[in-house]
Structure formats: structure tokens, C-alpha cells
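Observations on the model geometry
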Amino acid sequence: MRFDVYTPLLVALLLPQVSAVIGRRVAPAPAARVLTCAAVLTAVATTWSLVLLATALLGFAPPVIREAREDGHPLTAPVPGVIGLGACLALAVVVRRVRRAVRAERRTRRALRRLCAGHPGDTELVVAACEVPKAFAIPGRPGRILVTSAMLGALAPAERRVLLAHERAHLRYRHGRLVTAATLAAAANPLLGPVRSAVTFLVERWADEQAATEVGDRVTTARALARAALSTGRARRSHALGFTDRAVTRRVAALQSAPLPSRWPAAAGVLALGGVAALFAADATSDLVGLLSNTLG
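Summary of the structure given here. Keep in mind the model is a prediction, meaning the values are calculated, not measured.

1. Quick notes on the overall build of the protein
- Within the protein one finds 11 helices and six strands.
- Across the protein, every contact between residues at least 6 apart in sequence was considered, and the portion connecting residues at least 24 apart equals 75%.
- When the accessible area of the protein is evaluated, it comes to approximately 15000 Å², of which 61% is carbon and sulfur surface.

Now the structure itself:
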């Protein structure tokens, strides 16, 4: 347990560096999926490691460990008291951050759904009379696409097809779930903040690629994105999946080149990295449980 319990923290330091490379070299769909899974595994593992460290301080582990014997020799406590205390404080921060992230997500969903209130349940496209050019995919049953009249007015007919195809891709592939999972992972472990940003960017790139495939024209897709971004200007970002909220310049540049390959071996390597964090956390748990079992036995 002495070393295994800290390994997930090391993985959390490494994963943001890996995510930057994967985002540039792997197609958006597999990259977004594996980074989200790796972030969730790492966040769960690091949180559980904090629980183990805190348990060694606050639970019945210290007195039991002091009484334990291995070949007739006393066993030393696996966790220094100052580290256990720090883990307790860190857990309190984790709980507070996750609660805030969940509340922010709920507020955003409620606000967007209020804008769609009054429309028939089977209505996919909701047009809001608003002078601010915006477009959002609203997950749910059914999923909705909310577009402002200003956004529709800023785009040519072919470019509107791009926008709608982009937002439909968000709904079809449940991008909202990926972003929410990555957001909660980053709330539980702030070191994963860059991974959350990478996932948010990648789902937009994923939707861009799907839109380009559906309309059959990457140039029109890039032009629609650029025109929408220019009409939006420096509008404030939101928690929702918006057409022009994330790194528009990079997205336009990506559409002007060939699509990236999937490179599943590299993507699988990232997923394995998250698995390593979970395995070491499980091994640390096994060590502690084994120590307590031997002592109580």
C-alpha cells in the first residue's frame, strides 16, 4: 500500500500531457471516448486513494496496525499522520467541487429546457427569437436543438444544414454525457482539468467531422463554422454544447485538411493508462484489507 496508493496521483499528472498528443494525432471520436474513460478511471482511483489514506488516519487501521505482527516484528504504519490529515482535507474539497459541478450542470440543463418549454414533445428544432447568435444541442428525451433567429440569419442555407448536422451529431452520439463525465472527473481531481478541456474540444471536432460527412463538403462546413463564429464575436461560453464555443480557429484549420486516422492502438494505450491507476488503487486496497484481516485473524 505504501507506494501503490500514490500511483493514481502520478497517472493524473501524466494524463493531461498524453491528452494533448492524442488530440492532435487521433481522430476525434476515439480520442474523446478513451480520454473520457481514462479521466473517469483516474478520478475514481485518485479519490479512492484519498479514502484509503484518510482511513489509515481516521479509521481503526492505526491501532490495528500497531498491534499487527509479521514474523514477530511490529509493522510500521503505512501512512504518516500528516499525509492522512492532508487526504481528509483533500476529500472534503473533492466533495465540495463535485457538488458544485453537478449543480452547475443541472442549472444549465434547466435553463435550456425552459427556453424549449411550450413546444410539442416531438419537436427537434426550436428557434428562439434572440439577437445573440447561438446554437445548442440539449440532451434529453427527446433531444432538442435550440437555435436563435440571429444565428439562422447569419448563415446561408447550405451553412444552416451544417449547423443542424453538427448539433444532431451531438445528440446522436451523446456528447453531453462524455463532457459531463469529464467535467465531474476534473471536479474530483483538478489535475484532470486539461483533459476535460480536451474532451470538450474533441466532441466539437467530432460533430464537425460528422457534419462535413453529412453535407459532403468540408469547405462549406469550415465556412459555416467561421461565419457563425464571426457573427457570435466574443460571446460568453456556457456549459452547453454550442456550435462556436470551442477553439474555432483550430476547428476550421482541421476541416481544411484531411481527417485524422483512428489509430486505435494509441487510443487503447491511453485507456490502459487509466486502467493502471485503477489497478494500483485496487492493489492498495487489497494490501490494507489483507493487513487488517491478518491482524484481526
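2. What to know about the pairing of strand β5 (residues 144-148)
- Where burial is concerned, most of β5 is hidden: five out of the five residues are buried.
- Across four bridges, strand β3 (residues 125-128) lies against β5 in parallel orientation. Across the sheet, the residue bridging to Ala128 is Thr148, located in β5.
- Bridge count between strand β4 (residues 135-138) and β5: four bridges; the pairing is antiparallel. Looking across to β5, one finds that Ala135 is bridged to Val147.

3. So, helix α4 (residues 81-115)
- Between its terminal C-alpha atoms α4 stretches 52 Å, which fits the 51 Å expected from 35 residues at 1.5 Å a residue.
- Burial in α4 covers these residues: Gly84, Ala87, Cys88, Leu91, Val94, Ala101, Ala104, Glu105, Thr108 and Leu112.

4. Thoughts on unusual backbone geometry
- One non-glycine residue, Arg174, lies in positive phi territory at about 55 degrees.
- Within the fold, Arg174 resides in the loop between α6 (157-172) and α7 (175-188).
- Phi is positive for Arg263, which is not a glycine, with a value near 50 degrees.
- Counting through the fold element by element, Arg263 comes out in the loop between α10 (248-255) and α11 (264-296).

5. Some thoughts on the environment of Leu89
- Mapping Leu89 onto the fold places it in helix α4.
- Counting along the chain gives 39 residues from Leu89 to Leu50, while the straight-line C-alpha distance between them is 9.4 Å.

6. Let's talk about the pattern of salt bridges
- Summed over all chains, the structure comprises eight salt bridges.
- Residues Glu159 and Arg227 are paired through a salt bridge, measuring 2.8 Å at the closest nitrogen-oxygen approach. Of this pair, Glu159 sits in helix α6 while Arg227 sits in helix α9 (residues 218-232), and the two are 68 residues apart along the sequence.
- We classify Glu159 as buried; its relative accessible area is 2%.
- Classification of Arg227 as partly exposed rests on a relative accessible area of 36%.
- For Arg251, the salt bridge identified is with Asp208, shortest N-O distance 2.7 Å. Placement of Arg251 in helix α10 and of Asp208 in helix α8 (residues 193-215) is noted, with a sequence separation of 43 residues between them.
- On the basis of relative accessible area, Asp208 is assigned to the buried category, the value being 1%.
- Connected via shared salt-bridge partners are Glu159, Arg223 and Arg227.

Rules of the game
The residue count restarts for each chain, going from 1 along the sequence in the order it is written. Reporting in this predicted model follows two pLDDT cut-offs: at least 70 for local features of residues, and 80 or more for side-chain atom pairs to be given and counted; totals over whole chains, interfaces and linings ignore these cut-offs and use all residues. Hydrogens and water are ignored here; the side-chain numbers use all heavy atoms of the structure. Segments assigned H or I by DSSP are reported as helices when at least four residues long, segments assigned E as strands when at least two residues long, and all are numbered from the N terminus. Contacts are assigned to residue pairs that have any heavy atoms within 4.5 Å of one another. Under the convention used here, a 1.4 Å probe and the Shrake-Rupley method define accessible areas, while residue burial counts only the protein chains that appear. Burial classes: relative accessible area under 20% of the type maximum marks a residue as buried, over 50% as exposed, and values in between as partly exposed (1.4 Å probe, protein chains only). When DSSP locates at least two bridges between a pair of strands, those strands are taken to pair. Residue count minus one, scaled by 1.5 Å, sets the expected span of a helix. Salt bridges are counted wherever a side-chain nitrogen of Lys or Arg sits within 4 Å of a carboxyl oxygen of Asp or Glu.

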